[in-house]
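Take a look at the letters that make up each chain.
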Number of protein chains: 4
Amino acid sequence: MGKIDMSKYQIRTDLVLDELDIVNDDTIKIDKRKIDDITVTDVLVKDEFENILRKKKGRYITIEYEDVTDYNNRNKVIKVFSDELGKLLDNLNINNNDECLVIGLGNEKSTPDALGPKTIDNILVTKHLFQLKGNKVESGFRCVSAFNPGVMGVTGIETSELIKSLILTLKPKFIIVVDALAASSVSRVNKTIQMTDSGIHPGSGIGNSRKEISKEVLGIPVIAIGIPTVVDAVTIVSDTIHYMIKHFSYMEKNINNPSNRLAVKKVNYLKKKINELNVNDKKKYMGLLGELNEDEIHSLIYEVLSPINYNLMVTPKEVDFIIDKQSEVLSSGINSVLHKKVNLEK
Amino acid sequence: MGKIDMSKYQIRTDLVLDELDIVNDDTIKIDKRKIDDITVTDVLVKDEFENILRKKKGRYITIEYEDVTDYNNRNKVIKVFSDELGKLLDNLNINNNDECLVIGLGNEKSTPDALGPKTIDNILVTKHLFQLKGNKVESGFRCVSAFNPGVMGVTGIETSELIKSLILTLKPKFIIVVDALAASSVSRVNKTIQMTDSGIHPGSGIGNSRKEISKEVLGIPVIAIGIPTVVDAVTIVSDTIHYMIKHFSYMEKNINNPSNRLAVKKVNYLKKKINELNVNDKKKYMGLLGELNEDEIHSLIYEVLSPINYNLMVTPKEVDFIIDKQSEVLSSGINSVLHKKVNLEK
Amino acid sequence: MGKIDMSKYQIRTDLVLDELDIVNDDTIKIDKRKIDDITVTDVLVKDEFENILRKKKGRYITIEYEDVTDYNNRNKVIKVFSDELGKLLDNLNINNNDECLVIGLGNEKSTPDALGPKTIDNILVTKHLFQLKGNKVESGFRCVSAFNPGVMGVTGIETSELIKSLILTLKPKFIIVVDALAASSVSRVNKTIQMTDSGIHPGSGIGNSRKEISKEVLGIPVIAIGIPTVVDAVTIVSDTIHYMIKHFSYMEKNINNPSNRLAVKKVNYLKKKINELNVNDKKKYMGLLGELNEDEIHSLIYEVLSPINYNLMVTPKEVDFIIDKQSEVLSSGINSVLHKKVNLEK
Amino acid sequence: MGKIDMSKYQIRTDLVLDELDIVNDDTIKIDKRKIDDITVTDVLVKDEFENILRKKKGRYITIEYEDVTDYNNRNKVIKVFSDELGKLLDNLNINNNDECLVIGLGNEKSTPDALGPKTIDNILVTKHLFQLKGNKVESGFRCVSAFNPGVMGVTGIETSELIKSLILTLKPKFIIVVDALAASSVSRVNKTIQMTDSGIHPGSGIGNSRKEISKEVLGIPVIAIGIPTVVDAVTIVSDTIHYMIKHFSYMEKNINNPSNRLAVKKVNYLKKKINELNVNDKKKYMGLLGELNEDEIHSLIYEVLSPINYNLMVTPKEVDFIIDKQSEVLSSGINSVLHKKVNLEK
């Protein structure tokens, strides 16, 4: 059997939760809370975990929810998001009057990548009002500007360079960067907000490599907020293969136990940890495929799909509608945190 | 091992070529021609093949091409498409002055499903000019109207009902229906135009069940023109599993033959027929999975993916750009066939 | 002095209020009410007034407001609109379960004309749910479908023909037609909702002649709802000339009375009746121009502007934003009247 | 009669041709050429004319045409525009390999103001390709980046500041700025391209005050290219009043001369110089209004319109379609001048 080149492909994910699914290390401190059916996970990635978790050190707050297309659910998610973002800013010693620049990454012409630009469209900007002579902006409003740098294929300009130059000119005290993320598990797509003080790093987003946008590089706090809106084709295939193995395993164990039969439908394979089956079972269910480890499977999928020559993504069919609602969550939450006068209950 | 419910899922495809990949029947007459790197396949589906090919009887002309994003390639594809459409109309005894209604199916707000509405936007309509009193439309222009019925979730109206009522009112001599299609193979997505005189049948498009739109129902010739713009998640997984089996098989046979090594990269697994491996090989490579037949694999994939609760589709990331170009191909070609005065070389 | 051809141009207005500004006839019964700063005017145009008011007989309810871009103001207007529409339906003996078809007229690609299509986008349609087998739609929801017929230049199809055919197929009990209107006074643009049971008549909207859409023609009640979103260039010039005459008159009378000087700024010339100045004053202020009557002035303006060869319209610069809000008012109000379960206080 | 406050309102125009209509000074050198039915006017505004012409010193090239909606006409205009732009760059000693940044001013969400952003969308950018390691961009392509800074009400950021910071970062050799202009005459709207090496100055565009963007401020050549897409309401009224005066004058002189009657229709009042009637005639035709000078009339119109509280603009009804075509002219022309390999005859 030919060796698979492991260097070829590593599944992309921007989510620390995806990494935590794989890594089992009790020394990583994870704080998990439930607010109704919304889960908030707070992880501090320390220096020593950077390589294991493939995430830069910093605090990662993840909000998991089932749905934001319903008006009431959406308001609940906005409330939780707004509370967590507020605490994150407090934690970074950002004051109520510190000027903020909000940046939306991504391509506004490509629906799943338009989360950043769509969010920016509804950010309440005030910087121009603060600069009017003789104008006194009502208290309760912070000095805020907002910006979509566009994508390099359209502007020819490196996003990180553009942001650097903007910060030199505007001199904000901190920035918030909103971006569509990639997940390594389809079950998290459009159901997760991740925010972190570690910034944005190359390879984030839907496959556009951008240079780092972080406090280290820019000298001011960078809060990165994102929602996974796509998985790539390798992910969906790899996910499915894992679900099939679990399915085989589950069926074999339960099929002769009549009392369990009714339970079959309720099993949610997607919520289970992945690397838990023994090697012999895998081999039985999946033959040669079962002998490969996670990364080898990814590389194999990538290799057999590459002749199609397409950069494939997987999204829900209603992606236009969903992205609208997700961006509404982000802009409402950000506005209410940035401006004390903005009231969530409208 | 638990039985998989075979009735659950059958992979969706609107392409007769996808079916021909599976069915081997020498009595089906297929005419295949090459024009530069464009392939034209002409298949007559007779009564007796309707069930085997899961396609209604009629003539199916398929144009396969690699790219329409390049200006020159696009013009070549437009030319071939226009020639074939012209011949199809001649074949149906449609005259130069027969009034035509062009209908675009699909949801204009969802990019991959917007092929129909986008094409309609550029159809040269003239019916209102023909109806002006005292107005004599220049010869070389046919009486053409065009229409987007929208999707049922937005209008609440069954598309086929709407079209029926429109035909009663407008009384065209024939209709052309443009729609985004689903393919069962990712390699055909955005690389295939299918046109047929058999009309549109329930379940076509991206999973919206619509009632039949055909000569049988409407009483006038219906030419359906479509391009596959998505595959569903089940398809991409199923395709990949097949490619993996072939990959294993190929590697095993060739890996010890040094002279073949260089050729490995060039193998296009996607163009090969699917059901050709022997059962023992499949079992070896894929374990229990290898023992399942095509339909069982689909049902299994569908079953393990269903807890995600999402209606997933797979598209190229540049889908916005690609759909623009594909709709340009269709509208340019249709305009030049409908109106003799419209010149392709503009 | 050359005679001006009076047949050439008559200023377009779809508003009965515009006509009432000109016509002084005490026998026309007008009911006017104030709800906060919103004015509701209820006029019954009888047979004998059709020619005088240049409006077809029927009931015309007009809601005048200052602003719908503010969230609270908008909610007030929605409430009043919803109440009045509900009363109009009751008056026509339309029951809670009577099926409704909502139609949006106008060109969705041209912002000021997109009011109808934008409203339709947010109508809650249910007809497809009522038609699902075995499905029982929750009580409190009416059977509603919605539709944008598009404009004739794009479809080649006469709008009224299309609607007729749709009604034959769908068999609704009544229809609501939403359209952008033209006003003859710039002060009413985007500040007036007119609804009437008299339907839509040729020449309505932004200069697109459409055939009548009314109970007489269709056999079922037709409620037409519209907001003026533009005035034409002739209107703005003619309005301004009138304001100038009033300005001259006012200044002359008040300039020597120091106590009145401060009041000058507060005079709202736009709210005053037009034809009230004496002829000698007009002549003094405006020379030959002042000797012309209303219609002669319109024809003159039209004549001197025609060499520009443009079909000019006048809109506020923020028209995109304003149309979004106006369509939100209409869709929210219509939804809450059609479906008892839809609650205005969301 | 009360004094009108002259400081209140001065009609906005960005066109040097509009100023030349008013100013009669033989020492201003104007070079006028005809290419088919396209007129090219080349004016050098010297220091001493800055105040008279209310335009900053520099070279102003104006291209006047009747129509760009027709394919052939459009190609002719593109050719002339491209030739003139090429000569302007040569004149500024800009070399074929000098890096260029193209900037689109204006609000992409407001159709008449979207000319800049729409043009940018079709600029062929290459800077990211020049920066790829090991990549050698084909000769014939210049290093080009492109950017839409957005409008201050949306970003909170002063456009000129943003551009300054961008130039510090990207270090282009020159910039091209594309913007929608205001005209003081409706006859020039959408029929004029103005380009100048004097840059952009406060108050340009549709009423958004922006700080200066010029060689003086930025240190590199700034070529400003614009097309007037709107006039304001004051302009259309003021224009019409002038046309009416000329109309009265013309009619009076010609009405008794039967041989002239046929000519009446052909008179294009719009092309005639404005300030040429004698005061007595004006008074006779227009009464008190005729006694006011140009600026007093503007202030009066502005004053009587201001109670409407609207920022009104006048555009053709087909503005969406026209802006698309105008931006195509600009992007095609700019691409062919910037990249020698881009061929106009596609």
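In the block above lies the structure referred to throughout.
What you see is a predicted model, and the numbers here were worked out from it, not measured in a lab.

Rules behind the numbers
Residues numbered from 1 in each chain as written. Chains lettered and ligands numbered in written order. Predicted model: local features only at pLDDT ≥ 70, side-chain atom pairs only at ≥ 80, totals over all residues. Heavy atoms only, no water. Helix = DSSP H or I, 4+ residues; strand = E, 2+ residues; numbered from the N terminus. Buried < 20%, exposed > 50% of the residue type's maximum accessible area, 1.4 Å probe, protein only. Contact = heavy atoms within 4.5 Å. Areas by Shrake-Rupley, 256 points an atom, 1.4 Å probe, with all protein chains shown as cover. Polar contact = N/O pair within 3.5 Å; in protein donor to acceptor, adjacent residues only side chain to side chain. Phe/Tyr/Trp six-rings, centres within 6.5 Å; stacked < 30°, edge-to-face > 60°. Axes fitted to C-alpha atoms, helices over the stretch in contact; angles between N-to-C directions. Parallel < 35°, antiparallel > 145°, perpendicular 65-115°, else oblique. Left-handed = near helix turned anticlockwise from the far one by under 90°. Nonpolar A, V, L, I, M, F, W, Y, C, P; charged D, E, K, R; others polar. Salt bridge = Lys/Arg side-chain N within 4 Å of Asp/Glu carboxyl O. Arc of directions from axis to C-beta.

J.: How would you sum up the overall build of chain A? Please name residues and give values.
T.: A count of helices and strands for chain A gives 13 helices and nine strands. For chain A, buried positions account for 60% of its 346 residues. For chain A, contacts bridging at least 24 residues in sequence account for 75% of all contacts bridging at least 6. If you sum the accessible surface of chain A, you get close to 14,400 Å²; carbon and sulfur atoms cover 49% of it.

J.: Explain the environment of R142 of chain D residue by residue, including any values.
T.: Residues and elements named next belong to chain D. Note that R142 resides in the loop between helix 5 (127-131) and strand 5 (144-147). Given a relative accessible area of 3%, R142 falls into the buried group. For the pair R142 and F130, spaced 12 residues apart in sequence, the C-alpha separation works out to 9.1 Å. When residues no more than four places from it in sequence are discounted, the contact partners of R142 are I94, N95, N96, N97, D98, C100, T126, F130, F174, V337, L338 and H339. At 2.8 Å, the side chain of R142 and the backbone oxygen of N95 are in polar contact.

J.: Requested: an account of the packing of aromatic side chains, with residues and values cited.
T.: Tallying each qualifying case throughout the model produces two aromatic pairs over all chains. A ring pair is formed by F147 of chain A and F147 of chain D, whose centres lie 5.6 Å apart and whose planes are at 25°; its orientation type is stacked. Here the residue F147 of chain A occupies a position in strand 5 (residues 144-147), and F147 of chain D occupies one in strand 5, the pair thus bridging two chains. Each member of the pair, F147 of chain A as well as F147 of chain D, is classed as buried.

J.: How would you sum up the packing of helix 3 (residues 71-91) of chain D against helix 14 (residues 319-338) of chain D? Please name residues and give values.
T.: Residue and element names in this part refer to chain D. The geometry of helix 3 relative to helix 14 is characterised by a closest axis approach of 8 Å and an angle of 45° between their N-to-C directions. Here helix 3 lies oblique to helix 14, going by the angle between them. The crossing of helix 3 and helix 14 is right-handed. Contact with helix 3, carried on its side by R74, V77, I78, F81, S82, L85, G86 and L89, involves K325, E328, V329, L330, S332, G333, I334, S336 and V337 of helix 14 and no other residues of that element. Looking at side-chain class alone, the contact of helix 3 with helix 14 contains nine nonpolar, five polar and three charged residues.

J.: For the pattern of salt bridges, give the residues involved together with the corresponding values.
T.: Evaluation of the coordinates by the stated rule reveals 72 salt bridges over all chains. Among the salt bridges present, the one from E84 of chain A reaches K87 of chain A, with a minimum N-O distance of 3.2 Å. You can see E84 of chain A and its partner K87 of chain A sitting in helix 3 (residues 71-91), three residues apart, about one turn around the helix. Residues K283 of chain B and E291 of chain B are paired through a salt bridge, measuring 3.6 Å at the closest nitrogen-oxygen approach.

J.: Tell me about helix 11 (residues 279-286) of chain D, and please be specific about residues and values.
T.: Residues and elements named next belong to chain D. By the burial criterion, the buried members of helix 11 are D281, K282, Y285 and M286. End-on, the buried residues of helix 11 take up no more than an arc of 105°, which puts them together on one face. With respect to the buried face of helix 11, the exposed residues turned more than 90 degrees away are V279 and N280. Positive phi shows up at G287, right after helix 11, with a value of about 60°.

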